[in-house]
Every structure is written in C-alpha cells, then in structure tokens.
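Analysis of the macromolecular model
Listed below are the residues making up each chain.
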Amino acid sequence: MRLRCAVLDDFQQVAKEAADWSSVAGEVDVVSFDAHLPDEDALAAALAGFDIVVTLRERVAFPGSLLARLPRLRLIVASGMRNSVIDYAAAEAHGVTVCGTASSSAPPVELTWALLLGLARGLVRESNGLREGGPWQQTVGADLHDRRLGLLGLGKIGSRVAQVGLAFGMRVSAWSQNLTRERADEVGVELAPSREELLRTADFVSVHLALGERTRGLLGPAELALLKPTAYLVNTSRAAVVDQDALLAALHEGRIAGAGVDVFDTEPLPAGHPMRTAPRLLATPHLGYVSQANYATYYGQAVEAIRSYLAGSPVRRLPAP
C-alpha cells in the first residue's frame, strides 16, 4: 500500500517545487494543505488518512491527545531542530518517529532589519502616499547612525543582528539572563547592566530570545513603560515574550514611536485581531523563516528524512541529544 504524506501550512503552494520529491515518489503520495487547520478536531479529521506529516516550525501542535487520534501516523518531519509543541513521549508511545531539518538564521536576521528600517524611515506610509497621490514627504526618518540598538538575546540571530547594527555605526548593547561579558566582548557589543537599563537607553529594541518560562511575558506593561517615547520595538522571536495587550496599549496611546512585529499570539492572525489595525505598527505574517534558501533546506531535508525512514534509518531524530 502506498503511503500518504501531508504537508501542512503550504500557504504559497511551493513545497513540491522547493525540493525534488522524485526519490520517494514511487512509495509516497504527497498532499499539500494551503489553509491552516485551526484546532485538534480539524487536524484529526484532515490527517486521519496520512502516514507522514511535514510541518513548519512550531505552528501546529502535536499533543498526545491528537497523536492518539491518528493511529495511521508513523512519521512527523518538523522544520528546524527544536520544537516545543510536539509531545515526544506520546509520539514514542504511539510509534511515531519525529525528525527535524536544518534551518538558517540568516532569513530572520534580514527580516529584522527590514522591519527596523521600514519603521525608522516610514516606508509603508511614504510608499502608500506616493502610490495614492498623497503628500510629498510626510515623515522625518529616524537615524540609525550613533543611535543605540538594544538586543534582548545575543545568540545566533541576535549576534548577527548586532553585526549589522555595528556596520550602520550604531551603539549596540545586549542583555539576557545568561549573557556574560565575555560573550558580549566576543561579538563586539556592550553588556547592558540590566534589562531595565537596556530598555531605558535604547532607541531601537530587538527581541531575540527563545520562549520559555523565564522569557514568557518578559516585556510587560512595566517594562514597556521604560521605553523612550521615540523608541521602536521589533519582535521577530516569539510573540509571548512581549505582553500583547501591553504592546497594543503602548501603540494606541503613543507611548512608543512604533513596533515591528512578525509573530503573534494566534497564527494565522484572525481577521478581526487588533494587531491588524493597531497604529504605529509594521506587521508581517511570520515571514522570518520564509525564504527560498530556507524552504529548499526544509523540504529537501524533509524528503531525505522520509527516504531515510523508509530505509529503516531515520536521520535528525528529535528531540536532538
């Protein structure tokens, strides 16, 4: 019997073009889903007839309750080598192998700067005004040179964001709960003495932290109140690091100059979500990882994972040791 593979959240319908699936075509039928399956009932119904699921990042959760409703499922391939929304113990109990793929940090770094620059120079407002016959020059851009960029997190992505900031001539400082002066010196940035001091002094703040118990809600009402009224906040990390209600209030009340956001508490963002209409907000639909090179890696290695599983030697098993 031929196996069936579901590719979830293939919004652009490019999964079959981004990689060569011919090596598994003799044994596997591939079906792409271009609409998000919003809840467990929808997932259980749609995936009941599939043996393999390819899923992007942490968009779709696979708790034990869902896995129990998918007795045919044998393999999950998730892009990236870290996934907090898969119940690995339940997967093992139900005989489901979980594999990952490589993922580049370059695309989220580039999107971070697209958002930051778009905010600083009012690109959306100015472009729309030009297209719609509006006023010639409506904004006065915020300078980057000699301004302070404050980074929350200095890992793979944060350190690369820092290098771009330094190239712009910015003064770059960073903070996280585990950041050491040695690491800051290695990257060539200042170690902020505290989260509060970083927020008080930065002209631009960019979030690059993994989501966990210590980082969930790290920027709440009190922390956002520390930002300068001329400061901009960019979050391409995880929505829950920043209190969404507190951010919306700061934007509506004009307590910060603006925010650039690529991640949301619910994804895809519902039609009536207040983030869709908030003032001073430049928002993108979680494009941080969405690039040609990353998709070639994700789907190319997904094919490799399927082929290896069929050969009895799964590669890049999760959770990674």
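Residues numbered from 1 in each chain as written. Predicted model: local features only at pLDDT ≥ 70, side-chain atom pairs only at ≥ 80, totals over all residues. Heavy atoms only, no water.

1. Quick notes on the packing of aromatic side chains
Taken as a whole, this structure holds seven aromatic pairs when the rule is applied. Ring centres of Tyr-289 and Tyr-295 lie 6.5 Å apart, and the angle between their planes is 25°; on these two criteria the pair is classed as stacked. A residue is classified by how much of its surface remains accessible, and Tyr-289, at 7% relative accessible area, is buried. Ring geometry for Tyr-295 against Tyr-298: centres 6.2 Å apart, planes inclined by 40°, an arrangement best described as tilted. Within this pair, Tyr-295 and its partner Tyr-298 are both found in helix 12 (residues 292-310), separated by three residues, close to a single helical turn. On the basis of relative accessible area, Tyr-295 is assigned to the buried category, the value being 6%. Cluster of aromatic residues (ring-pair linked, three or more members): Tyr-289, Tyr-295, Tyr-298 and Tyr-299. Taking the ring centre of Phe-50 as reference, the NZ or CZ of Arg-4 above it sits at 4.2 Å. (Phe/Tyr/Trp six-rings, centres within 6.5 Å; stacked < 30°, edge-to-face > 60°. Buried < 20%, exposed > 50% of the residue type's maximum accessible area, 1.4 Å probe, protein only. Helix = DSSP H or I, 4+ residues; strand = E, 2+ residues; numbered from the N terminus. Lys NZ or Arg CZ within 6 Å of the ring centre and 35° of its normal.)

2. Brief notes about the layout of surface pockets
Any empty space left between atoms is shown by rolling a water-sized probe over those atoms. When its volume is computed, the largest pocket comes out at roughly 1,400 Å³. Lining of the largest pocket is provided by 42 residues; of these, Arg-57, Glu-58, Arg-82, Ser-237 and Arg-238 occupy positions nearest its centre. Elements with a minimum of two residues in the lining of the largest pocket: helix 7 (156-167) and helix 12. It is helix 7 that provides the largest number of residues to the lining of the largest pocket, a total of three residues. (1 Å grid on protein atoms, 1.4 Å probe; cavity = no way out; pocket = protein on both sides within 12 Å on 5 of 7 lines; lining within 4 Å. Points joined across faces, edges and corners; volume = space filled by probe spheres on them.)

3. Some points on the sheet that holds strand 2 (residues 28-32)
Read from one edge to the other, the open sheet built from five strands follows the order 2-1-3-4-5, with strand pairing classed as parallel. The open sheet has two edge strands with one neighbour each: strand 2 and strand 5 (97-100). On average, adjacent strands in this sheet sit at an angle of 20° to one another, irrespective of strand direction. Judged from the three bridges that link them, strand 1 (residues 3-7) and strand 3 (residues 52-55) form a sheet pairing that is parallel. Counted as the bridge partner of Ala-6 is Val-53 from strand 3. Of the strands in this sheet, strand 1, strand 2, strand 3, strand 4 (75-78) and strand 5 touch helix 12, which is tilted by about 155° from strand 4. (Pairing = 2+ DSSP bridges. Axes fitted to C-alpha atoms, helices over the stretch in contact; angles between N-to-C directions. Contact = heavy atoms within 4.5 Å.)

4. What to know about the packing of helix 5 (residues 106-120) against helix 7
Viewed as axis vectors pointing N to C, helix 5 and helix 7 meet at an angle of 45°, and their least axial separation amounts to 9 Å. Considered as vectors, helix 5 and helix 7 are oriented oblique to each other. Seen from above, helix 5 lies across helix 7 with right-handed handedness. Of helix 7, the residues touching helix 5 (which contributes Ala-106, Pro-108, Val-109, Thr-112 and Trp-113) are Ile-157, Arg-160, Val-161, Val-164 and Gly-165. (Parallel < 35°, antiparallel > 145°, perpendicular 65-115°, else oblique. Left-handed = near helix turned anticlockwise from the far one by under 90°.)

5. Focus: the sheet that holds strand 6 (residues 148-152)
Here we have seven strands laid out as an open sheet, ordered 8-7-6-9-10-11-12, and parallel in their pairing. Two strands in the sheet have a free side with no partner beyond their single neighbour: strand 8 (190-191) and strand 12 (281-283). With four bridges connecting them, strand 6 and strand 9 (residues 204-207) associate as parallel partners. In the sheet register, Leu-151 faces strand 9, and the bridge partner there is Ser-206. Helix-sheet contacts for helix 7 involve strand 6 and strand 7 (171-175), and the interaxial angle to strand 6 is about 175°. Packing of helix 11 (residues 244-252) onto the sheet brings it into contact with strand 10 (232-235), strand 11 (258-261) and strand 12, and relative to strand 11 it is tilted by some 140°.

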